[in-house]
Amino acid sequence: MKKKVSDSGIEIKPVYFQEDIPKGYFLSAPGEYPYTRGTHPDMYRGRLWTMRQYAGFSTAEESNKRYQYLLSRGVSGLSVAFDLPTQIGYDSDHAMADGEVGKVGVAIDSIEDMEALFKDIRLEDVSTSMTINSTAFILLAMYVALAKRQGTDLKKIRGTIQNDILKEYAARGTYIYPPKPSMRIITDIFEWCSKELPQWNTISISGYHIREAGSTAVQEIAFTLSNGKAYVKAALEKGLDINVFGKRLSFFFNAHNDLFEEVAKFRAARSMWAKIMKDFGATDPKAMMLRFHTQTGGSTLTAQQPLNNISRVTIQALSAVLGGTQSLHTNGFDEAINLPTEQAASLALRTQQIVAYESGAANTADPLAGSYYVESLTTQIEKAAEELIGKIDALGGSVTAIENGFIQNEIAASAYEYQKKIESGEKIIVGLNSFTDDEPEPEAAFKVDDSIREMQSARLKKLRQNRDNNAASTCLNEIADAANNGANLMASVIKAVEHHVTLGEIADQLRRIFGEYRPS
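Residues numbered from 1 in each chain as written. Predicted model: local features only at pLDDT ≥ 70, side-chain atom pairs only at ≥ 80, totals over all residues. Heavy atoms only, no water.

Undergrad: Tell me about the sheet that holds strand 8 (residues 203-206), and please be specific about residues and values.
TA: Pairing is parallel across the open sheet formed by nine strands, whose spatial order is 7-6-5-4-3-11-10-9-8. Only two strands of the sheet have a single partner each, and these edge strands are strand 7 (200-201) and strand 8. Two strands pair when backbone bridges link them, and strand 10 (residues 292-296) and strand 11 (residues 327-329) are joined in this way by three bridges, in the parallel orientation. Residue pairing for strand 11: histidine 293 is matched across the bridge by serine 327. Packing against the sheet, helix 1 (residues 60-72) makes contact with strand 3 (50-55) and strand 4 (77-81), and its axis sits at approximately 155° to strand 4. Helix 8 (residues 217-237) rests against strand 8 and strand 9 (249-255) of the sheet, and its axis sits at about 165° to strand 9. (Pairing = 2+ DSSP bridges. Helix = DSSP H or I, 4+ residues; strand = E, 2+ residues; numbered from the N terminus. Contact = heavy atoms within 4.5 Å. Axes fitted to C-alpha atoms, helices over the stretch in contact; angles between N-to-C directions.)

Here is the structure:
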C-alpha cells in the first residue's frame with residue numbers, strides 16, 4: 001500500500017484506533033484549559049463567528065461603497081486592505097509610490113481619507129480589522145481620531161490591527177524600521193490601548209502570510225506562536241501585566257485544503273498557546289485563550305478553472321469552523337485573476353452563511369472531537385510544532401532566528417519541496433496539473449488604473465495648503481521627542497493626525513530617528 005503523508009510530512013495511517021491516541025491524553029471540555037476544544041463551552045450555539053470580508057482598493061470613497069455593499073448583505077465585521085505605499089509608510093505622491101497607489105488595497109494618507117473610508121458608518125457599530133503592520137500605529141491613530149470626531153466613547157471601539165512585524169521580516173517584507181524600534185512601537189500600542197481602548201485587539205499574530213510564503217501547517221503554528229512568545233516577552237520587559245495585555249492578543253491563521261490537518265492545526269495551536277501563557281505566569285483564563293481569525297488560502301487559488309476555487313474555499317471555511325475560529329474571511333473565486341468582483345465577494349460571504357446555517361457544523365462545539373484520526377493528528381502536530389519552537393528558543397528566540405535567516409530558510413525549503421511535488425505530479429491540483437482543459441485563462445475583470453495616484457496627490461497638495469503647517473511641524477517635533485526620550489508614541493501620533501499630518505510625514509520622521517531595516 002502506498003505511503004501517504006500530510007502536507008506537513010506527517011504519515012497518515014490507513015485506519016486509526018484508540019491506541020493511536022497517546023496514553024494519558026486528556027480531552028478537556030470546550031471552554032476549559034487548555035482550550036483544545038474551543039474557547040467557549042457552547043461555541044457557535046451561543047454566538048456565530050464574525051463574518052468578515054477583506055476589502056479595500058482605489059480611493060477611500062470607492063472602498064466605502066464596497067463596505068456599504070457588504071454590510072447590506074450581512075457582513076458583521078469589516079476588514080481593511082491597504083495599498084503598498086500605505087503599508088510601508090509613503091504618501092501617495094512620494095516617488096516610491098508610483099505605480100502602486102490603490103492597487104492591492106485602499107490608499108490612506110490622512111485623517112480625511114480615513115473619514116471618507118468610513119463615511120456613514122458608525123465605528124461603535126462595527127468591528128474593524130486592519131491588515132497593517134509597520135504603520136499600524138499611524139492607522140490606529142487615525143481610526144481613534146475619527147472615532148473622536150464621531151463623538152464615540154473609545155471604550156466601545158472594537159477591532160484589531162495586525163501589528164505583527166516579526167512575520168514581515170520572515171515572510172512578507174512590508175517592514176520599515178529595524179526589529180528593536182519596531183518592537184518598541186508595538187509595546188507602546190499594547191500599553192496605550194490597555195488604558196484607552198480596552199476592547200481593541202492590539203495585535204493579530206499572523207501565521208497566514210507565513211503559510212502563503214510556503215510553510216507547512218506545522219511551521220505555520222510553530223513560527224507564529226514563537227513570534228507570539230517574543231511579543232509577550234517584550235511586553236513583560238516593559239512592565240505590562242500579562243493578565244491585561246494577554247486578553248487583547250489575537251492570532252490570524254490560514255486555512256488550506258487538507259480538511260483534517262487544518263482542523264487539528266487549529267486545535268493544537270489553542271492547546272499550545274494556553275500552556276505557553278501559563279508558563280509565562282498568566283492566571284486569568286482569558287489571557288491564556290488563543291482567539292483567532294481565519295482567512296481561506298489565497299495561494300491555493302488557481303487562475304485555471306477559477307470556479308473550482310468555490311469548492312476549495314468551502315472546504316477551507318469548513319475547516320476553520322470545525323477548528324473553532326472566532327472570525328472568518330472567505331476569498332473570492334476570482335482572486336487569482338483580479339481583485340474580487342462584487343459577485344465573487346457576495347458569493348464568498350454566502351459560502352460562510354451556508355456553512356453557518358445549513359451545514360450543521362455550528363450546532364455543537366468541536367464536532368470532530370473523539371475522532372481517533374483527528375485526536376492523533378492534533379497531538380502529532382503539537383509535538384512537531386513544539387520541537388520546532390524548541391529549536392528557535394535554542395537560537396535565542398524569534399528575533400534572533402529571523403535575523404540569522406533560520407525561519408526564512410525553513411519556509412523557503414518547504415515551499416521548494418511543495419512546488420517540486422506539484423511539478424512532478426505527486427501533488428495533484430485539479431485544473432492545474434491534472435484534469436486540465438484547453439480553455440484560455442480568463443482575463444482580469446476588475447483593475448485599478450494609475451489615475452488614482454493623481455487624485456490622491458491633488459488631495460494631499462490641497463491638505464498641505466489648507467492646514468496649519470506650524471502646528472503640523474510642532475506635532476512632528478513632539479513625535480521626535482517621544483521617540484528619542486523613550487516616551488509612549490501613541491498620544492503624539494494621534495495629536496499629529498488630528499492636525500492633518502500625513503502618514504508619510506510621520507513615518508519619515510521616525511525613519512530619521514530609527515533608521516530603516518536592510519536584510520543581510
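Undergrad: How would you sum up the nonpolar core? Please name residues and give values.
TA: Met114, Phe118, Met130 and Ile506 are the most contacted members of the largest nonpolar core, which totals 138 residues. With sequence-adjacent residues up to four places away left out, phenylalanine 118 is seen in contact with Asn64, Leu78, Val80, Leu123, Thr128, Tyr143, Leu146 and Gln150. (Core = buried A, V, L, I, M, F, W, Y, C linked by side-chain atoms within 4.5 Å. Buried < 20%, exposed > 50% of the residue type's maximum accessible area, 1.4 Å probe, protein only.)

Undergrad: So what's going on with the state of the cysteines? Which residues, and what values?
TA: In the structure shown here, the tally under the stated rule is zero disulfides. In this structure cysteine 193 is not part of a disulfide, and its nearest cysteine sulfur, from cysteine 475, lies 20 Å away. Since its relative accessible area comes to 2%, cysteine 193 is described here as buried. (Disulfide = S-S within 2.5 Å.)

Undergrad: Tell me about the environment of tyrosine 90, and please be specific about residues and values.
TA: Along the chain, the position of tyrosine 90 falls in the loop between helix 2 (84-87) and helix 3 (111-117). Judged by its relative accessible area of 12%, tyrosine 90 falls in the buried class. Look past the residues within four positions of tyrosine 90 in its chain and what remains in contact with it is Pro85, Met96, Asp109, Leu503, Gly504, Arg511 and Glu516.

Undergrad: Run through the pattern of salt bridges, naming residues and quoting values.
TA: Scanning the model with the defined rule gives 34 salt bridges in all. Aspartate 113 serves as the salt-bridge partner of arginine 459, at 2.7 Å between the closest nitrogen and oxygen. In this pair, arginine 459 sits in helix 17 (residues 451-466) while aspartate 113 sits in helix 3, placing the two residues 346 residues apart along the sequence. Across the salt bridge formed by lysine 148 and glutamate 498, the nearest N and O atoms sit 2.9 Å from each other. (Salt bridge = Lys/Arg side-chain N within 4 Å of Asp/Glu carboxyl O.)

Undergrad: Give me the pairing of strand 5 (residues 127-131): which residues, what numbers.
TA: Burial runs high along strand 5: five of the five residues are buried. Residue alternation in strand 5 divides its side chains into two sets, Ser127, Ser129 and Thr131 and Thr128 and Met130, and both sets are buried. In terms of strand pairing, strand 5 meets strand 6 (residues 158-161) through four bridges, oriented parallel. Note that in strand 6 the partner of serine 129 across the bridge is threonine 160. One crossover worth recording links strand 5 to the parallel strand 6 by way of helix 4 (residues 136-149), and it is right-handed. (Right-handed = clockwise from strand over helix to strand, strands pointing away.)

Undergrad: Hey, could you go over the packing of aromatic side chains for me, with residue numbers and the actual values?
TA: Counted according to the given criterion, the structure contains 18 aromatic pairs. Taking the centre distance of 5.4 Å and the plane angle of 80° together, the rings of phenylalanine 118 and tyrosine 143 count as edge-to-face. Within this pair, whereas phenylalanine 118 is found in the loop between helix 3 and strand 5, its partner tyrosine 143 is found in helix 4, the two being separated by 25 residues in sequence. For tyrosine 143, a relative accessible area of 0% puts it in the buried group. Each ring, one from phenylalanine 190 and one from phenylalanine 245, has its centre 6.1 Å from the other, and the planes form 5°; the classification is stacked. With a gap of 55 residues between them, phenylalanine 190 in helix 6 (residues 179-196) and phenylalanine 245 in helix 9 (residues 242-245) connect regions that are remote in the sequence. Its relative accessible area of 2% is what places phenylalanine 190 among the buried residues. The rings of Phe251, Phe253, Phe266, Trp273 and Phe292 are connected pair by pair, giving a single aromatic cluster. (Phe/Tyr/Trp six-rings, centres within 6.5 Å; stacked < 30°, edge-to-face > 60°.)

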